[in-house]
Every structure is written in structure tokens, then in C-alpha cells.
Amino acid sequence: MNDIQAILKEYEEIRDKNRLELEKKKKELYGKLPRLKEIDDEMIKLGLNITKSVLMNEEKRDILLNELRKKQIDLKAEKAEILTANNYPKDYLEIKYNCKLCKDTGYIGLERCHCLMQKLITYRYKQFKLSHRIARENFDSFNINYYSSKPLENGISPRKNMEHILMECIKYAKDFDHHNKNLLFIGRPGLGKTFLCNSIAKDLLDLGKSVIYQSAPDLIDLVRKHKFTFDNEDVEDEALKEIYECDLLIIDDLGTELSTQFSGLVIYNILNKRLILNKKMIISTNLDVDEIVKNYSERISSRIFGNFYMYEFFGEDIRLKLQNII
Ligand SMILES: [Zn+2]
């Protein structure tokens, strides 16, 4: 099964599950409130009559259609009334969709729905664990209390610093359509960089944006596997175009990849193309500024420092602190 077949099967399963759930609710309520079944049956009949009326001559059709639509509205209102009077939500007997936009089909007309785009990314870039991660690590679960409020040599406490970064990150996700910012998270491991990347990813996915989130080594591996032909700009592998075109690309752990000519080329191409396309990125790295300059070519570091807002994370390793607390 290829990716798209697997995804379409996933949609089918979602639709089946939601249909089944509706059937269960109907069974439960029809027994208790038989008038609801009558209404639903009448609604089906009305729907059929409306379809049939297309065949009539125009004048007759309009009168009939008006009448049928009025009946529909009345029945719907009566149904809602019965449900609310019995403490059920108004839409209790309506089918639920995981994605209302495409009604869990993946398509809006002939266009791919954003939910299909993100599912494709999940399969192609093996992001199966992202949804688990963002369920745990998001703005709501972020705990600022882990950061010390004791000022360091620079006069700023880790907590104050994090409060500022946190606010900027929340704003970044909230105003995503209205800015063109790239972020660079710099600092030692265990200070919350990945946590905030996850939090931003979650908010954007909730907004229906496409997000690719990869560690630098995995990203380079992916490109290698697809054998990108970088020498020829025109021969672009269609299968990886999301790396350039998705709404947000998050590159985690820049600097942990094996440094080769190929990896440098991959990183340069991604940075360069996304900057040209005005597509946003977040990079997180354990390297400091000097190390970035030392490890990467001038054309890469100048693109990073020239186009990314830098946020420095400092303080004690939160993960170590957590272990002590637990
Ligand atoms: Zn959709």
C-alpha cells in the first residue's frame, strides 16, 4: 500500500467510526424519544421529494420547493427542541466529522484539504510520534516554575528570560499568518527548546497549517534516501517538495548531524529555497554562535544570522531538575 492509499483508508475508517457512533446514538434515543425517529424518517422523505422536484416545471417546482424547505426547517427546530428539553446537545444526532472542511474525505472539490496535506507529511516524513509529543509538550503544559528566578552573571534570571521567550513563541504561533519570522533557539540541552518547538507545532497544526518537524540528522537522511539531484535545480524530487513548501519547517538539533559536504549542501538548499519562497522556519541547536560559524560554511551561517531571530536559552538542565523532583 502506498502512502496515499494508506491515508485514504484511514479516512474511510474515520468515517465508518463516526457513522457507527451516530447509529448507536440514534438507537439509544429512538427508543426513548420515538418522535425523533418520526422526524428523521420525515426528513429523509422530504430530502427525496426535493431531489425529485428538479424534474418539475419551473413554476410548480418553486412553490413546492418553498413548501418542502419550510417543512424541513420546522422539523429541524422541533428536533432541536426535543433534544434540548431532554438535556442533549442540539446536534447530538448529527454526524460528527474530525475535519468539518472536507467531511473526512481529504478533498474539498478537487483540492487537497489541509488535513490531507498534513497526513501526507506524517507518512512521508515519518512523523508518527509528533502527535503524541505535542499532546504532552504544549503551551498549556509548559511550567515556568522549573526555571530559577535567581539572576545570572548577565543580570537576567533564567525564569525572566524564559517568560520572554515563551511570550514570543505564543505570539509567533498566534500571528503566524501576519509575520515572516524565522526563529533560532540556541542553548545547551535540557532548557526547553524542543518543548517550545513542540508547542508551536501544536498550535499551528490546530490552526490547520502544515508542519514538518525533523531533527537535522533525520532530515538529511530523508533527503539522502530520496537522492536529491541538487546539481540540477530543475530536477527536483516531487516527493520532498513539502520540505520547501510546508507552512513551517522545524529543524531540531542542528549540529548533531554528521558534517559532510552532502549535509552542508542539503542544509544550504533548504534554507536558501525557503527564504526565497518566504516560508518560515525554526531551528534549534545546542551549538553557540561561534560554533555555528565554525561548523558551517559562510553561506549557511550568514543566512541563519541574517534571517533568524535568535533566542538564547540559559539556566540549569530542566530534565535533571525534573528527575530530582520525581
Ligand atoms: Zn479535511
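Residues numbered from 1 in each chain as written. Predicted model: local features only at pLDDT ≥ 70, side-chain atom pairs only at ≥ 80, totals over all residues.

Student: Just to check I follow, could you spell out the packing of helix α1 (residues 3–32) against helix α4 (residues 114–124) for this structure?
Tutor: In a packed pair of helices, the relevant descriptors are the angle between the two axes and the axis-to-axis distance. Where α1 contacts α4, the two axes come as close as 10 Å, and the packing angle between them is 125°. Relative to α4, the element α1 lies oblique. Note that α1 runs across α4; the crossing there is right-handed. Only Leu116, Lys119, Leu120, Tyr123 and Arg124 of α4 make contact with α1, whose side of the interface consists of Asp3, Ala6, Ile7 and Glu10. (Axes fitted to C-alpha atoms, helices over the stretch in contact; angles between N-to-C directions. Helix = DSSP H or I, 4+ residues; strand = E, 2+ residues; numbered from the N terminus. Parallel < 35°, antiparallel > 145°, perpendicular 65-115°, else oblique. Left-handed = near helix turned anticlockwise from the far one by under 90°. Contact = placed C-beta atoms within 7 Å.)

Student: Sorry, what's going on with the nonpolar core here?
Tutor: Generally speaking, nonpolar side chains in soluble globular proteins are found buried as a group. Core analysis: the biggest nonpolar cluster contains 46 residues, and Ala201, Val211, Ile250 and Ile282 have the highest contact counts within it. The greatest single-element share of this core, amounting to seven residues, is contributed by helix α7 (residues 193–206). Those residues in contact with alanine 201 that sit more than four places away from it in its chain are Leu130, Ile134, Val211, Tyr213 and Ile250. (Core = buried A, V, L, I, M, F, W, Y, C linked by C-beta atoms within 7 Å. Buried ≥ 20, exposed ≤ 12 C-beta atoms within 10 Å, placed from the backbone.)

Student: Looking at this structure, I do not really get the sheet that holds strand β4 (residues 211–215). What am I missing?
Tutor: Sheets are built from strands paired through backbone hydrogen bonds, the pairs being either parallel or antiparallel. The parallel open sheet is built from five strands, whose spatial order is β4-β5-β6-β3-β7. Both edges of this open sheet fall to β4 and β7 (308–312), since each of them pairs with a single strand only. For this sheet, the mean inter-axis angle between neighbouring strands, taken without regard to orientation, is 15°. In this sheet, strand β6 (residues 280–285) lies alongside strand β3 (residues 182–186) in parallel orientation, the contact comprising four bridges. (Pairing = 2+ DSSP bridges.)

Student: Explain the environment of leucine 8 here, please?
Tutor: For leucine 8, the location among the structural elements is in helix α1. Note: C-alpha distance between leucine 8 and isoleucine 276 (268 residues apart in sequence) is 33 Å.

Student: Would you mind going over helix α3 (residues 58–85) with me for this structure?
Tutor: Residues three or four positions apart in an α-helix share a direction because the helix packs 3.6 residues into each turn. Here α3 contains 28 residues, and its C-alpha end-to-end distance of 40 Å stays within 8% of the 40 Å for a straight helix at 1.5 Å per residue. In terms of residue burial, α3 counts as a barely covered element, since only one of its 28 residues are buried. Backbone geometry just downstream of α3 places asparagine 87 in the positive-phi region, at approximately 65°. (Expected span 1.5 Å × (residues − 1).)

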